[in-house]
Amino acid sequence: MNKKAIAFKCAKAGFIGLVLLFLYAPILLLAVYSFNATDMIGSWEEMSFKHYAKLFGDPVIMQMIGNTLLLAFLAAFLSTVLGTLGALGMYYSKRRIKRAVSVTSQIPIINAEIVTALALAITFVAVGLPKSFFTLLIGHMVICTPFVVLSVIPKLKQMDNSLYEAALDLGASPLKALFKVVLPQIIPGVISGFMLAVTLSLDDYIVTSYTKPSTFNTISTYVYNATTKGNAHTAETLSSFWALTTIIFLIILTVVLVANLTGKKNKGVKK
């Protein structure tokens with residue numbers, strides 16, 4: 001291997017390293033300081049699990065985390081059901097209808113989130129629907145469902161349609177053929193859509209702030225309120241979220257690694 005090839009490989013590795021550092025340095029910084037006894041980033045006192053104890057020992061924070069997880073998984077489940085049915089309807093519709101529905105379903109993705117949030121808030125006021133968990137759930141489904149559709153449609157295009165037709169020819173009803181033939185082929189897309197919906201719901205602030213009742217808080221709204229309407233305990237409260245950030249990052253990292261390893265094993269078995 002000549003010097004130019006070696007230099008090119010080193011430059012490529014260095015560039016990738018810089019990109020990864022740019023992406024993950026803030027998260028790693030919070031992870032390191034989550035084991036620090038101080039509540040301020042920039043000074044190190046001693047290693048401590050103080051922030052983790054604060055996180056799991058504060059009933060207000062635990063209730064807020066429970067609210068966030070409940071909303072995220074419920075919205076993701078309903079969005080996955082609705083998005084999968086919508087994707088199936090689009091796929092088996094006529095060309096003109098398919099195109100019209102496809103364009104319509106992408107509007108919430110392209111549209112600015114603040115516009116979606118304002119539109120939802122005005123709609124709820126117009127129909128006389130007060131802010132509640134129900135309006136919040138609808139808001140999260142509006143932003144999550146299109147992404148589920150985008151996750152399922154490619155799997156529908158990749159599946160073998162002849163299997164569905166063969167099931168019908170052998171006497172299966174359309175509903176039975178759907179559950180026995182079509183769903184097993186698109187299940188990776190359904191799972192991807194569900195996970196993406198959970199992530200979007202956990203991360204959302206704008207739609208949540210416009211559709212939630214005043215008595216309901218999620219992680220995003222709680223942190224924002226603690227920052228803008230802080231009190232004497234704001235620094236201590238926010239520092240406990242360093243621990244929460246570390247836990248979420250480790251969970252996501254574990255899920256991604258397990259999914260990749262499982263995918264590689266399945267490919268190896270198929271070969």
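Provided above is the structure to which this section pertains.
Below: a short report on this structure. Just so it is clear, the structure is predicted and the values come from calculations on it, not from any experiment. (Residues numbered from 1 in each chain as written. Predicted model: local features only at pLDDT ≥ 70, side-chain atom pairs only at ≥ 80, totals over all residues. Heavy atoms only, no water.)

## Points about the pattern of salt bridges
Per the stated rule, a full pass over the model turns up 1 salt bridge. Residue D58 pairs with K54 through a salt bridge whose shortest N-O separation is 3.2 Å. (Salt bridge = Lys/Arg side-chain N within 4 Å of Asp/Glu carboxyl O.)

## A look at the packing of helix α2 (residues 50-57) against helix α3 (residues 59-91)
Viewed as axis vectors pointing N to C, α2 and α3 meet at an angle of 70°, and their least axial separation amounts to 5 Å. Regarding the angle of α2 to α3, the classification is roughly perpendicular. Taken together, the residues of α3 that come into contact with α2 (itself represented by L55, F56 and G57) are P59, I61, M62 and I65. Here the contact of α2 with α3 is composed, by residue class, of 6 nonpolar, 1 polar and no charged. (Axes fitted to C-alpha atoms, helices over the stretch in contact; angles between N-to-C directions. Helix = DSSP H or I, 4+ residues; strand = E, 2+ residues; numbered from the N terminus. Parallel < 35°, antiparallel > 145°, perpendicular 65-115°, else oblique. Contact = heavy atoms within 4.5 Å. Nonpolar A, V, L, I, M, F, W, Y, C, P; charged D, E, K, R; others polar.)

## Thoughts on the side chain of S79
Checked against the element boundaries, S79 lands in helix α3. Excluding residues that lie within four positions of it along the chain, S79 makes contacts with T84, H140, M141, C144, T145 and V148.

## A look at the packing of aromatic side chains
Applying the stated criterion across every chain yields a total of 10 aromatic pairs. Judged by centre distance (6.2 Å) and plane angle (45°), the rings of F73 and F194 are tilted. With a gap of 121 residues between them, F73 in helix α3 and F194 in helix α9 (residues 174-203) connect regions that are remote in the sequence. For F73, a relative accessible area of 42% puts it in the partly exposed group. The class for F194 is partly exposed, based on a relative accessible area of 23%. (Phe/Tyr/Trp six-rings, centres within 6.5 Å; stacked < 30°, edge-to-face > 60°. Buried < 20%, exposed > 50% of the residue type's maximum accessible area, 1.4 Å probe, protein only.)

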